[in-house]
Structure formats: C-alpha cells, structure tokens
Amino acid sequence: MPKLFTGAEIVFKCLEDQKVEHIFGYPGGAVLPIYDELKNHPSIKHILVRHEQGAGHAAEGYARSSGKPGVVLVTSGPGATNVVTALTDAYMDSVPLVCISGQVPTHLIGTDAFQECDTTGITRPCTKHNWLVKDINNLSKVMHEAFRVATTGRPGPVLIDIPKDVQFAKAKYKKPNNEKKLNGKSHNKFSQDQIDELVKLLSKAKKPIIYSGGGVINSGPKASQALREFVDLTGFPITSTLQGLGAYPGDDSQFLGMLGMHGTYEANNAMHDCDLLINIGARFDDRITGKIDEFSPNSKKVHIDIDPSSINKIIKVDLAVVGDVTSVISKINKTIIKNKNGHSKSNKSNIAKWWEQIEKWREKNSLNFVNSDENIKPQHAVKRLYELTKNKDTYVTTEVGQHQMWAAQHYKFNKPNRWMTSGGLGTMGYGLPAAVGVQIAHPEKLVIDIAGEASVLMTMQEMSTAVQYNLPIKIFILNNQYMGMVRQWQELLHEKNYSESYSEALPDFMKMAEAYGCKGIKADNPSDLDNKIQEMIDYNGPVIFDCHVDPNENCFPMIPSGKPHNQMILGPNDKEDNKIKGKGKALV
Amino acid sequence: MPKSKSAYSVPTKKQKPDTYIFVVWVDNEAGVLARVVGLFSGRGYNIESLAVAEVDAAKNISRITIVTTGTPQVIDQIRLQLTKLVPVHKVAEFKRDDKGVIFKEMALFKVVGKRNKIQKCLNACKNFNPIILDETRTSAVIQITALRREIDKMNKKLKPLGLISTSRTGAVAMTRGAKIFN
C-alpha cells in the first residue's frame with residue numbers, strides 16, 4: 001500500500017516538487033497544521049511578514065525580479081482579506097503568484113465560524129483561478145495545477161483555499177503531471193504567414209515605432225535579447241510602457257523613453273504621427289493611449305500579445321499575432337535576416353527623415369526641470385541616485401505617485417527584471433514589501449525602494465521584516481509632505497484646493513529608523529546629497545533615507561485628459577506651454 | 001468638447017448594440033456558474049437570460065446558454081474573456097437572427113378561471129406546442145415552447161384571460177442540420 005501523507009505534508013511535497021525555495025506568510029489558526037509541517041522541509045524558507053498585504057507584495061517583488069512564481073501562505077478570514085490588494089495588484093500587472101490560504105474546517109463552512117470568510121468568493125475576480133479543496137484526494141492535483149495556471153499563458157495570481165480538516169486528513173501524494181492539459185488555451189499558435197505579413201509592413205514603413213510592454217519582461221530574458229536584436233535589425237525607434245522598462249536599454253539612442261501620460265515628448269509625438277505601430281506585449285492601457293479616437297490616427301497597428309483578450313479590447317489593430325513574445329520576435333528576426341540574404345534590402349534609409357523629426361522632438365528635452373541650489377528637486381535626487389548606482393546591478397522598486405513617475409523618467413534601466421512597480425492597480429505601499437521580496441531573491445544585490453512619504457507609511461511595518469532577515473534594502477523616500485500626485489492634480493484640475501492631500505503630522509523618519517533597528521539618513525541640502533546617497537549605498541544593512549524635496553514640484557511632461565498624444569503640457573522651462581490658465585485649464 | 005476635470009478619458013461614441021446568444025461548455029464543478037456570471041457583472045456586460053444544466057454526466061460537462069446585448073467589440077471581449085476561464089472548454093456565439101440556429105425557450109403559464117377562458121388561452125397558444133400539465137375545474141398549467149419575444153407577447157396576451165403566474169427557462173440554442181457549434 002502506498003504511503004499516505006497529511007494535507008500539510010502534501011502541500012510541502014508539492015512546493016518541493018515545484019522547486020519553491022521561499023514562501024512569504026503569516027500564521028494563524030486555520031493554517032497551523034501547515035506551519036507545523038514547515039520544520040520538516042529545510043529546503044523551503046519561510047519569510048515572516050508583518051501584514052499579509054506585505055506577504056503578497058513581497059512575493060510579487062520576488063516573482064518579478066526572479067521570473068519564478070511567488071508563494072504566499074496566509075490564514076483564513078482576515079489573513080485572506082488582507083492579501084486581496086496584493087492579489088489584485090498581481091492580477092493587473094500579470095505577476096505569477098500562488099497563494100495558499102487556510103480555511104475553517106469543512107463542516108463549519110457557511111456557519112459564520114470564527115475567522116471564516118468566503119475566500120474563493122472574495123478572490124474570484126482578482127485571481128486567474130482559485131480552488132477550495134474540500135477533498136484531500138484532490139489536493140496534490142490542485143496544487144500542481146495552480147502552479148501551471150499561474151505561470152503559463154499570461155501569468156497571474158491563483159489561490160488555493162484549504163480547510164483545516166483537509167490539512168490533517170491523509171491521502172496519497174501525486175507527482176506533477178508534465179503532460180499539459182490546455183483546455184483549448186494554447187496561446188502560441190501564430191503562423192509564418194502572419195510573420196511574413198508583419199515583415200512586409202516593416203519594410204514598407206516610413207514612420208514606424210515599436211511600443212513594448214511588460215509582456216516582454218514576462219516572456220523571460222530571451223525576449224529582451226530578441227527585442228534588442230529586432231530593434232537593431234530594423235533601426236526603428238522604440239518606446240516602452242511603465243512595466244516594460246529595462247527590456248530595452250534605457251540609455252540607448254534608439255530608445256525614446258517611456259510613453260503615455262508622463263512619457264516623453266518624443267515618444268508620444270512619435271506614437272501620434274507614426275505610420276506603423278508595433279505593440280509588443282503591451283495592452284493599450286488608458287494611461288498610454290490618451291484620447292482613444294485620436295490615438296495614433298494614421299498608423300497601421302500590429303499587436304503581439306500572449307492574451308487573445310487583449311487584442312482589439314481598446315484599440316482596433318490591423319494585424320494581431322497571438323503568441324509568446326520570445327517565439328514571435330525570434331521568428332520575425334529570422335525572417336528579416338532570411339529576406340535580407342535574398343535581396344539585401346534594408347529600409348533604414350526609408351526612415352532617415354523620421355529620425356530627423358524625432359531628433360527635433362528630442363530637442364524639447366521634455367524631462368528637464370529647473371534645478372535649485374537651495375532645496376533638493378525630486379528629479380535631481382533620482383538622477384543622482386541613478387548616477388551613483390548605475391554601475392552596480394541595481395534593483396529598483398517604487399511606491400505609487402509622483403516619485404514613481406520621476407523614477408521611471410530619470411532612472412535608466414538596462415536589464416529586464418530590475419524594475420518593480422505597481423502599474424495597473426497603482427498600489428501605494430507596494431514598494432517596501434516588494435523590495436523585501438526582491439532582496440530575498442537576490443541577497444547580494446543592491447535593492448532600492450524609491451518611495452514617497454505617504455505611500456511608504458502604508459506598509460512601513462515591513463521594515464521589521466527587513467531587519468529580522470537582515471535584508472539591506474534602501475528605502476529612498478522623496479519626502480515632500482504631500483500626496484504629491486494628488487496635490488498636482490488638485491493644482492491643475494481643482495483650482496488648488498488641496499483637499500486632504502497634505503500630511504499634517506508625519507513621523508520623524510530618523511527616529512522611525514532607529515525604532516526599527518535600521519539606519520536613518522536625512523538629506524535636505526543639494527550640496528551634500530551625493531555624500532548621503534553614497535553613505536546609504538555603502539551601509540551594509542537596511543536604510544531609511546529621508547530626502548526632503550521641494551514640495552511644490554510637479555511631474556511633467558503630462559498629457560491632459562481627453563487629449564491626444566501630440567498635445568502635451570511641458571515643464572516650466574518651456575515658456576509657451578508654461579501657462580495652464582483660462583481656457584487651457586478646462587482642457588486639462 | 002466636454003469639460004473634464006478627470007485624468008480618465010471621456011467616453012467616446014458607441015457602436016450599436018445587438019443581441020447575441022452565447023453557448024459555453026464548462027466543467028460542472030462548484031463555483032463555475034459564479035465565475036461565468038461574475039465575469040459578466042464584473043466587466044459590466046449584461047445578461048438577458050441564462051440557462052444551465054449538465055449535458056454530459058460522464059465527462060462532467062455543463063452547457064450554459066446566455067442571451068446578452070453588446071456592441072461587436074463587447075461581444076468579442078465576452079467570448080475572449082469566457083475562453084480564458086479555466087473550467088471553460090468551448091465558447092460559441094451567434095446573433096439572435098441567425099437563421100442557422102434554433103433558439104427556444106420554455107414557459108409555464110398558470111391560468112385561473114372558467115373553462116372557456118382556459119380554452120381561449122390554449123387557442124392563443126396553439127402555435128407554440130401547448131401542453132396541459134395540470135388541470136382542475138378552475139385552473140390549468142400550460143407549457144409552451146417558443147421564442148423569447150413570442151413568450152413576452154403571450155405573457156401580455158394571457159393576462160386578461162386569467163394568467164396569474166409565469167415561469168420561464170431562458171433560451172437554449174442548437175444549430176440546424178448536421179453541423180454542431182465550432
């Protein structure tokens with residue numbers, strides 16, 4: 001007779017077979033049998049967080065920086081509801097997470113038992129799929145399927161709800177079944193005809209642009225390699241979404257910077273005026289497109305995506321290729337090279353004029369700002385941070401708001417998986433726990449959370465986690481005492497009525513650092529900013545860096561609402577666009 | 001152009017919505033209907049009627065028929081989003097006026113009144129295969145099968161003749177001829 005295992009043992013056997021090394025979690029009554037089993041599995045290290053949301057974001061940071069699924073373990077009721085924000089965040093940004101939650105014993109489900117909630121009901125709209133395992137005999141199958149669902153196709157979070165009696169019950173363990181049950185969900189069935197059609201469009205284009213997104217990162221490091229080769233072969237300009245940063249080197253001359261609401265002037269104008277738009281692994285998010293009716297009005301549009309439901313969801317495209325970015329781009333590259341060997345025709349000369357136009361837009365220098373000797377400009381702080389860390393293989397996470405946009409604009413990423421930010425859901429409080437997860441996955445690397453003082457307070461408790469595990473994360477707070485992006489919108493859109501966007505009683509971050517047992521550094525003068533940043537980098541341990549910046553700085557350039565890409569508001573250096581008054585204001 | 005204080009875009013002109021019927025084959029497991037219905041409510045799609053039952057006990061497959069309205073773009077999204085759900089095997093959709101598809105709904109009418117009124121009801125229903133399922137001296141339960149709008153019409157027509165209760169199933173659909181969906 002085969003050996004029988006308890007549900008808790010089966011959970012760990014599955015995790016071992018799925019090669020899980022770290023889980024982020026928080027114990028509680030309904031998961032105690034699983035926690036009891038932890039000691040018997042030395043290959044799996046548990047990271048104890050301070051709040052389940054932190055566990056979720058840490059697992060996201062872990063997943064996005066390593067390419068492996070992040071695993072979360074929480075208890076029933078409040079444990080499960082606390083993780084909902086992180087699951088939703090992962091769902092929006094396509095991050096593979098496997099969340100295991102405890103549940104009250106099966107006979108108590110539906111009786112409003114202590115710490116009971118309808119976990120699968122609550123998480124149904126924010127996971128790719130979820131399971132309530134009522135029968136121990138299904139547990140190993142469900143566990144393995146959960147990993148498969150989370151990591152295949154467009155990645156995303158899944159949840160497995162395991163009642164406490166199932167954790168105690170015994171059954172046989174089944175190894176993962178490598179044979180794939182796709183249920184008609186294979187998303188890599190593009191044809192050579194489609195590739196040929198695409199290559200034909202490439203050769204005819206006079207004003208092309210490549211718009212790449214997080215799908216390139218999700219497809220793995222090979223996708224970034226293929227993308228770089230593709231850009232090199234075609235000579236086309238490339239812009240990237242917030243999530244795609246790092247897939248193509250940020251300091252390369254063919255890179256136009258980020259596009260969208262706070263993207264560069266050249267990237268947005270190129271999107272508007274192009275005659276061929278190639279979307280690689282992005283989803284035409286509303287922060288990218290601006291006004292839909294006037295979005296890139298004269299272009300042929302190509303969309304490469306692994307998720308068929310992303311195609312034609314917002315923007316109608318002329319050619320859709322459903323497939324994994326790595327395989328599609330590699331196929332395109334091969335076809336281009338083959339064609340070139342045939343008649344060695346390149347269209348790089350075709351697009352010389354286009355590049356001239358782009359250079360003109362570039363001259364606007366849309367990311368500029370008026371620097372100051374008296375107080376630290378937030379953009380300046382991010383630029384200095386970049387200059388002082390660019391030679392290290394640095395991982396950057398962010399919270400959400402102005403600082404996030406400044407980080408995206410001024411920190412240049414050269415490799416994929418180095419940039420972790422909450423884009424789709426826009427979760428304030430994401431960056432600190434995400435940095436914890438990144439540091440767990442890359443213990444020897446420099447990990448910085450570029451933060452705002454309002455965001456970071458939402459998940460500040462995870463500093464305690466960082467200290468417990470000796471994680472030398474650097475929390476670089478651009479402290480402007482406001483919810484900066486809220487303040488900016490109130491200034492531009494709501495007649496400077498700064499309703500509830502000023503934080504009256506901020507904590508002293510130096511004392512806070514001391515209280516958590518980590519190092520605190522404060523900077524309020526541009527002249528010693530560099531030294532202070534260097535001190536932070538050199539310190540071997542967690543640091544809270546309180547960088548006091550100009551509270552009135554706004555994030556430019558900006559596409560006002562209801563406006564197309566070619567009508568951006570530029571920064572204060574651009575005199576004609578400086579005034580957002582009267583009639584203009586109504587348009588913002 | 002409308003004034004906007006929002007960073008979200010203003011809604012743009014909409015295409016004309018049409019009525020479509022979706023047929024979805026799913027694993028018959030706990031929560032599957034909630035997933036399908038939740039997708040509709042969560043993304044703001046509309047459900048006019050819904051019919052669901054297991055059709056293959058051996059393979060554990062249920063068949064869900066959903067009548068919905070939407071612009072062609074929304075209908076596309078509904079199909080693609082449904083296809084993404086893990087327990088969904090197959091999705092088919094067709095327009096309500098598609099001649100190649102039979103589209104039926106069953107209704108039960110309870111009529112209370114004198115014999116002659118009940119007889120009038122039966123006569124009114126005569127094109128829709130009326131069957132009397134239960135009869136007393138003062139009442140009858142009449143079953144009909146018809147199109148959705150025909151049942152709507154009968155529902156109105158029978159009211160003055162003593163109709164006191166209506167129960168209907170929601171539409172089910174099947175292709176004509178030898179071919180099957182997809």
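In what follows, the accompanying structure is described. The structure presented is a predicted model; accordingly, all values stated were derived computationally and were not measured.

1. Digging into the overall build of chain A
Then, in step 1: Summing up its helical and strand segments, chain A has 24 helices and 20 strands in all.
Then, in step 2: In terms of C-alpha radius of gyration, chain A reaches 25 Å, essentially the compact-globule figure of 25 Å for 588 residues.
Then, in step 3: With the C-alpha coordinates of chain A rotated into their principal frame, the extents come out at 75 × 65 × 45 Å.
Then, in step 4: Put simply, 76% of the contacts in chain A that link residues at least 6 apart link residues at least 24 apart.
Then, in step 5: For chain A, the distance from the average site of its 68 positive side-chain charges to the average site of its 65 negative ones is 7 Å.

2. Things to note about the packing of aromatic side chains
Residue and element names in this part refer to chain A.
Then, in step 1: Inspection of every chain in the model, using the stated rule, returns twelve aromatic pairs over all chains.
Then, in step 2: Seen from their ring centres, F284 and F295 are 5.7 Å apart, and the 85 degrees between their planes marks the pair as edge-to-face. Taken together, the residues span a long stretch of sequence, with F284 in the loop between β12 (276-280) and α13 (286-289) and F295 in the loop between α13 and β13 (300-305) at a distance of eleven residues.
Then, in step 3: Its relative accessible area of 1% is what places F284 among the buried residues.

3. Some thoughts on the environment of A:S366
Then, in step 1: With respect to the secondary-structure elements, A:S366 resides in the loop between α15 (352-362) and α16 (378-389).
Then, in step 2: It is 5.7 Å that separates the C-alpha atoms of A:S366 and A:Y265, two residues lying 101 residues apart in sequence.

4. Comments concerning a positive patch on the surface
All names here are of chain B.
Then, in step 1: On the surface, R96, K99, K126, R149, K153 and K157 cluster together to form a positively charged patch.
Then, in step 2: With respect to the helices and strands, R149 occurs in helix α4 (residues 148-158).
Then, in step 3: On the basis of relative accessibility, which here comes to 54%, the residue R149 falls in the exposed class.

5. Things to note about the packing of helix α3 (residues 52-66) of chain A against helix α5 (residues 84-92) of chain A
All names here are of chain A.
Then, in step 1: Contact geometry of α3 with α5 gives a least axis separation of 7 Å together with a crossing angle of 25 degrees. Classified by the angle between their axes, α3 and α5 sit roughly parallel to one another. Between α3 and α5, the residues in contact are Q53, G56, H57 and E60 and T85, A86, D89 and A90, respectively.
Then, in step 2: For the contact of α3 with α5, the per-class residue count stands at two nonpolar, four polar and two charged.

6. A closer look at the sheet that holds strand β1 (residues 18-27) of chain B
Residues and elements named next belong to chain B.
Then, in step 1: Spatially, the four strands line up as an open sheet ordered β2-β3-β1-β4, and their pairing is antiparallel. Of all strands in the sheet, those bounded by a partner on one side alone are β2 (49-56) and β4 (88-95). The sheet shows a mean angle of 20 degrees between the axes of neighbouring strands, taken without regard to direction.
Then, in step 2: Of the strands in this sheet, β1, β2 and β3 (61-70) touch helix α1 (residues 32-42), which is tilted by about 10 degrees from β3.
Then, in step 3: Where helix α2 (residues 72-84) meets the sheet, it contacts β1, β3 and β4, and its direction lies at approximately 165 degrees from that of β4.

7. Section: α1(B)
Then, in step 1: Along α1(B), the residues classified as buried are B:V32, B:R35, B:V36, B:L39 and B:F40. One side of α1(B) carries all its buried residues, which in axial view fall inside an arc of 130 degrees. Counted as exposed and oriented over 90 degrees from the buried face of α1(B): B:S41 and B:G42.
Then, in step 2: Turning to α1(B), the residues buried within the fold contact β6 (129-132) of chain A together with β1, β3 and α2 of chain B.

What counts and how
Just so you know, the residues in each chain are numbered from 1, in the order the chain's sequence is written. Note on labels: chains are lettered from A, ligands numbered from 1, in written order. In keeping with the predicted nature of the model, local features appear solely for residues at pLDDT of at least 70, side-chain atom pairs appear and are counted solely at 80 or more, and the whole-chain, interface and lining totals rest on all residues. Based on all heavy atoms of the structure, the side-chain values leave hydrogens and waters out of the count. Put simply, DSSP H or I for four residues or longer makes a helix, DSSP E for two residues or longer makes a strand, and each gets a number counted from the N terminus. Within these notes, the globule rule equals 2.2 Å times the number of residues to the 0.38 power, and the radius of gyration is based on C-alpha atoms. Residues are treated as being in contact if the distance between any of their heavy atoms lies within 4.5 Å. When charges are counted, neither His nor the chain ends are considered; positive counts come from Lys and Arg and negative counts from Asp and Glu. All charge positions are set by atom: Lys at NZ, Arg at CZ, Asp at CG, Glu at CD. Ring pairs shown here join Phe, Tyr and Trp side chains whose ring centres sit within 6.5 Å, with only the six-membered ring taken for Trp; geometry is labelled stacked below 30 degrees between planes, edge-to-face above 60, and tilted in between. Each residue is assigned to one of three classes by its accessible area relative to the maximum for its type, calculated with a 1.4 Å probe on protein chains only: buried under 20%, partly exposed between the two thresholds, exposed over 50%. In this scheme, patches are assembled from residues that exceed 30% relative accessible area and form no salt bridge. Like charges are connected within 9 Å, while nonpolar side chains (Val, Leu, Ile, Met, Phe, Trp, Tyr) are connected within 5 Å. Only the protein chains shown count as cover for residues, and the accessible areas themselves come from Shrake-Rupley with a 1.4 Å probe. The salt bridge criterion pairs a side-chain nitrogen of Lys or Arg with a carboxyl oxygen of Asp or Glu, the two atoms within 4 Å. The axes used here are C-alpha line fits, helices contributing only the stretch in contact, and every angle between their N-to-C directions lies in the interval 0 to 180 degrees. Put simply, angles under 35 degrees are roughly parallel, angles over 145 are roughly antiparallel, angles from 65 to 115 are roughly perpendicular, and the rest are oblique. Residue polarity is assigned by list, with Asp, Glu, Lys and Arg as charged and Ala, Val, Leu, Ile, Met, Phe, Trp, Tyr, Cys and Pro as nonpolar; anything else, Gly included, falls into the polar class. Paired strands, in this sense, are two strands between which DSSP finds at least two bridges. In this description, one arc is meant: the one made by directions from the helix axis to the C-beta atoms.

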